[in-house]
Amino acid sequence: MSMNLKKIIGYLIIACITFNSCKEAPKTVVKTTPIVFTKEGELSIKKQKTDTLITTLDIEFAQSEYETQTGLMYRKGMKDNEGMLFIFDDERMHSFYMKNTEFPLDIIYIKADSTIASFQENAQPFDETGLSSKVPIKYVLEINGGLAEKWHLEVGDKIEFSKNN
């Protein structure tokens, strides 16, 4: 084989490798099952001074480490009569964030005596900023953004909840 023919074949091999490696790999579609709300109990919120019922919610519980880390991530939304109640082993400061959460939430921080201690209203989707309880708490209730204002919730209002059998 002549030297020119070897060079031409070499260039062709390099060109083939280069052009084939530049092609985009076919995109794969990952199918996921949507996470749906599962009613595990009920929660009532009452006014502190009058003991008047403000609202009753169907709730899911977050108690395990995985459940408390994941919360409402990867969901498209909830109904206004649904919420998630986080239950911690002890009363202490907690911080939440909205990583991978696709809709605004009101985060209600609740003391061990079941009274509302503080709020984070309209926490924004996908925001990874820490949202502190500012005081020691034992429970956190997450509801759709704007409901705390709509229901006129106040520090000192009380919750009661029960688990399904």
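So, how was this worked out
- Residues numbered from 1 in each chain as written.
- Predicted model: local features only at pLDDT ≥ 70, side-chain atom pairs only at ≥ 80, totals over all residues.
- Heavy atoms only, no water.
- Buried < 20%, exposed > 50% of the residue type's maximum accessible area, 1.4 Å probe, protein only.
- Helix = DSSP H or I, 4+ residues; strand = E, 2+ residues; numbered from the N terminus.
- Pairing = 2+ DSSP bridges.
- Phe/Tyr/Trp six-rings, centres within 6.5 Å; stacked < 30°, edge-to-face > 60°.
- Lys NZ or Arg CZ within 6 Å of the ring centre and 35° of its normal.
- Salt bridge = Lys/Arg side-chain N within 4 Å of Asp/Glu carboxyl O.
- Core = buried A, V, L, I, M, F, W, Y, C linked by side-chain atoms within 4.5 Å.
- Contact = heavy atoms within 4.5 Å.

For the rest of this paragraph, the subject is the pairing of strand β8 (residues 137-144). Of all eight residues making up β8, eight are buried, and the element is well covered by its neighbours. Pairing of strand β5 (residues 105-110) with β8, which is carried by six bridges, proceeds in the antiparallel orientation. The residue bridging Y109 from the neighbouring strand is V140, located in β8.

Let us now look at the packing of aromatic side chains. Going through the model one piece at a time under the given rule, you end up with five aromatic pairs. Relative to F96, the ring of F88 lies with its centre 6.3 Å away and its plane at 80 degrees, an arrangement referred to as edge-to-face. With a relative accessible area of 10%, F96 lands in the buried category. Here the aromatic residues F86, F88, F96 and Y109 are joined through ring pairs into a cluster of three or more. Note that K163 overlies the ring of F61, its terminal NZ or CZ placed 5.1 Å from the centroid.

This structure, assessed with the given rule, holds eight salt bridges. A salt bridge links R75 to E60; the nearest nitrogen and oxygen atoms lie 2.7 Å apart. Here R75, found in the loop between α2 (65-70) and β3 (82-92), pairs with E60, found in strand β2 (residues 53-62); they are 15 residues apart in sequence, far enough to count as distant. Under the relative-accessibility criterion, R75 is labelled buried at 8%. For E60, a relative accessible area of 8% translates into the label buried. Through salt bridges that share partners, K39, E42 and D58 make up one connected network.

With that settled, consider the nonpolar core. If you look at the biggest cluster of nonpolar residues, it comprises 18 residues, and the most contacted ones within it are L43, L85 and L141. Those elements that place two or more of their residues in this core are β1 (41-46), β2, β3, β5, β8 and α3 (147-150). Among residues more than four places away in sequence, those in contact with L141 are L43, I45, L57, I59, M84, L85, D106, I107, I108 and I110. Counting residues in hydrophobic clusters, the runner-up holds 17 residues, among them F86, A123, L131 and V140.

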